[in-house]
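Observations on the model geometry
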Amino acid sequence: MKPEEYSNIKRGYALIDMDAIRNNVDVMYQSLASGTRMILVIKTDGYGHGSVPIAHMYDQDDRIWGYAVACPEEAYDLRDAGIHKPILILGYTFDYAYEDIVRLDIRPAVFTEEMLDGLAEASRRVGKKAKIHIKVDTGMSRIGIRPDDTGLAFVKKAMSCEGLEIEGIFTHFARADETDKKYAYRQLELFKNFTARIRDELGFDIELKHCSNSAGIMEMPEANMDIVRAGITLYGLWPSDEVDHSRMAFKPVMSLISHIVYVKEVEAGTQISYGGTYIAPDKRLIATVPVGYGDGYPRMLSGKGEVLVKGKRAPICGRVCMDQFMIDVTDIPEVKTGDKVTLIGFDADEHISMEEIGDISGRFNYELACDVGKRIPRVYVSGGDVEDIILDRRSIK
Ligand SMILES: *Cc1c(COP(=O)(O)O)cnc(C)c1O
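1. A word on the overall build of the protein
What the protein contains, in helices and strands, is 11 helices and 22 strands. At 24 Å, the protein has a C-alpha radius of gyration in line with the 21 Å of a compact globule built from 397 residues. In terms of overall dimensions, the protein has C-alpha extents of about 80 × 45 × 40 Å along its principal axes. Here the protein holds 397 residues, and 54% of them are scored as buried. Considering only contacts in the protein between residues 6 or more positions apart, those separated by 24 or more positions represent 65%. Of the side chains in the protein, 50 bear a positive and 63 a negative charge, and the two mean positions are spaced by 1 Å.

Right, dumping it as C-alpha cells:
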C-alpha cells in the first residue's frame, strides 16, 4: 500500500525512503578503494531515521563491515532485533556494560587503562575474548589516546592484557568537511605515523584501521584504509556547505509529511497564534497544520519558514506552537482539510531540504534529523510501497 492509504499516520509522519538509502550506500561504495568496507553509523536511532530497519537491510551485505552506535543501549536494540554484524560503540562505555557487550560481541572504543583492566576482567567472567577498537585522538580533542610515546605504551599494555583482542584502531576528523583540508591531512598523517610505529616498534599490524567520516569519504580518498564510517551521507544529507555537492549523487532519505486539519478565511487585522506576532494585512485564507515543536519542528521557524502544499510554498504565520502551526494558503487554489503538507521533502517541482530548515532556524541539519520526535511514526517505503510503520519501536502498520 501507499503511505496516503494509512489514516493512522496523517497527523504527521517521517517518510523513510529505503531506495534512497540504497542509492547513497552504492554511491559511496563505488568511490572507495577496492578492499575498503563500510561501517554504517546509525547512532541516535540512525540520525532519527530508525537504526533497526537500516541494519536489517544490510546485515547480509559484504560491503558493510558493521554498524556504529553511541552507547551500549543502542547496540542492544540492534542485537534484540536480530542483527548479527559487528557493532562498534563510538563513545565512552561505562563499566556496568562490559560483561554484556563482551557477551553480545559489541566492540567498545577503548582509550583508558581502567577500560583495559575492566574489559579484561569482564572477558574472564564471561569466558570470551573482548574485541576492542583503540581510539586515537589526532586533533578532535574529545576522546582517545595520544599518538605519541604514551599512546604507544598504552597499546603495548593492551596487547599484553589477557582476554583482549585488538581488532581495530581509529581516529576521527574534526575538520574534514571544510574546503581547506590542511587540518584533516595533518590528522591523517599523525594517525598513519602512529599505526606505523605500532607495527614497527611493537611488531603488531592492527587488522582494521579507520578514520574517514562522510566528509572524508567524499573528499579524502587517501583516508579510506580498511573501513570508512558513513554517517550523514547515508541519510542523503550534507556534512557541510563547503563540501562539493556535485561530487556524489546522494538522495535525501527523510521527508516530513502532515495534513491540513482546518481552513478558514480571516479578516484584515486578525492576529494569529501566541503573541499575535502575525496580523493579517487583508482578507487571508489560513490553514492549520497539526505538528509543532513537540515533534521536533523548530519553533525558530515562527514567521520565517515555509511548507509545501500542492507543490507551492506556503509561509508560516505567527508562532509555531508545541503541536500545531498556521500557514497562509491564500495564493494556493482550492486548499481544503485533509490536503497533504510537506514540511521537509519534495512536492512536484518544489523542495524543502533539511539544510534549508537548518539555515532558517539557525540549527544544524544533523541535529534536526535526530530531533524528529518520537511521536512521529517512521514510514519505511521501498519501491513506492510501505514496508513498515514504526512508532516508538513498535510496528503500527
Ligand atoms: C558520528 C561519527 C561519525 C559519522 O560522522 P558523519 O559526519 O555523520 O559521517 C563517524 N565517526 C565518529 C567517531 C562519529 O562520532
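Right, picking up where we left off after that structure.
2. Structural notes on the packing of aromatic side chains
Centre distance and the angle of the planes are the two values used to describe a pair of aromatic rings. Taken as a whole and judged by the stated rule, the model has seven aromatic pairs. Residues Trp-238 and Phe-250 carry aromatic rings whose centres are separated by 5.7 Å and whose planes lie at 65° to one another, so their mutual orientation is edge-to-face. Of this pair, Trp-238 sits in the loop between strand S9 (227-230) and strand S10 (254-259) while Phe-250 is found in the loop between S9 and S10, placing the two residues 12 residues apart along the sequence. This pair shows no difference in class: Trp-238 is buried, exactly as Phe-250 is. The side chain of Arg-63 reaches across the aromatic face of Tyr-29, ending 5.5 Å from its centre. Between Arg-175 and the ring centre of Tyr-183, over which it is positioned, the NZ or CZ distance is 5.4 Å.

3. Here's the deal with the environment of Lys-251
Mapped onto the secondary structure, Lys-251 falls in the loop between S9 and S10. Once the C-alpha coordinates of Lys-251 and Tyr-235 are considered, the two residues, 16 residues apart in sequence, prove to be 7.6 Å apart. In this view, Lys-251 contacts Ala-20, Asn-23, Asn-24, Tyr-235 and Gly-236; residues no more than four positions away in its chain are not counted.

4. Quick word on the site of the ligand
Every residue lining the ligand is accounted for by Val-41, Lys-43, Tyr-47, Leu-90, Arg-142, His-172, Asn-213, Ser-214, Arg-229, Gly-231, Ile-232 and Tyr-366. Interatomic distance of 2.8 Å between a side-chain N/O atom of Arg-229 and a nitrogen atom of the ligand. In the environment of the ligand, an oxygen atom lies 2.6 Å from a nitrogen or oxygen atom belonging to the side chain of Tyr-366. If the ligand stood free it would expose 390 Å²; the protein chains cover 93% of that surface. Grouping the constituent residues of the shell around the ligand by class yields five nonpolar, four polar and three charged.

5. Focus: the domain arrangement of the protein
Domain assignment breaks the protein into domain 1 (31-234) and domain 2 (254-395). Computed from C-alpha atoms alone, the centre-to-centre distance between domain 1 and domain 2 is 38 Å. Contacts between domain 1 and domain 2 engage eight residues on the former and eight residues on the latter. Regarding the contact of domain 1 and domain 2, the summed buried area is about 790 Å², with carbon and sulfur atoms giving 65% of it. On the domain 1 side of the contact with domain 2, Tyr-47, His-49 and Ile-232 bury the most area, a combined 52% of that side's loss. Remark: the boundary between domain 1 and domain 2 carries one salt bridge. With its nearest N and O atoms 3.4 Å apart, the salt bridge here joins Asp-77 to Arg-393. Across the domain 1-domain 2 interface, the total number found is three residue pairs in polar contact (both at pLDDT 80 or more).

Cut-off values and rules
Residues numbered from 1 in each chain as written. Predicted model: local features only at pLDDT ≥ 70, side-chain atom pairs only at ≥ 80, totals over all residues. Heavy atoms only, no water. Helix = DSSP H or I, 4+ residues; strand = E, 2+ residues; numbered from the N terminus. Rg over C-alpha atoms; globule rule 2.2 N^0.38 Å. Buried < 20%, exposed > 50% of the residue type's maximum accessible area, 1.4 Å probe, protein only. Contact = heavy atoms within 4.5 Å. Lys, Arg positive; Asp, Glu negative; His and termini not counted. Charge placed at Lys NZ, Arg CZ, Asp CG, Glu CD. Phe/Tyr/Trp six-rings, centres within 6.5 Å; stacked < 30°, edge-to-face > 60°. Lys NZ or Arg CZ within 6 Å of the ring centre and 35° of its normal. Near = heavy atom within 4 Å. Polar contact = N/O pair within 3.5 Å; in protein donor to acceptor, adjacent residues only side chain to side chain. Areas by Shrake-Rupley, 256 points an atom, 1.4 Å probe, with all protein chains shown as cover. Nonpolar A, V, L, I, M, F, W, Y, C, P; charged D, E, K, R; others polar. Domains from an automatic or database assignment. Buried area = accessible area lost by both parts, 1.4 Å probe. Salt bridge = Lys/Arg side-chain N within 4 Å of Asp/Glu carboxyl O.

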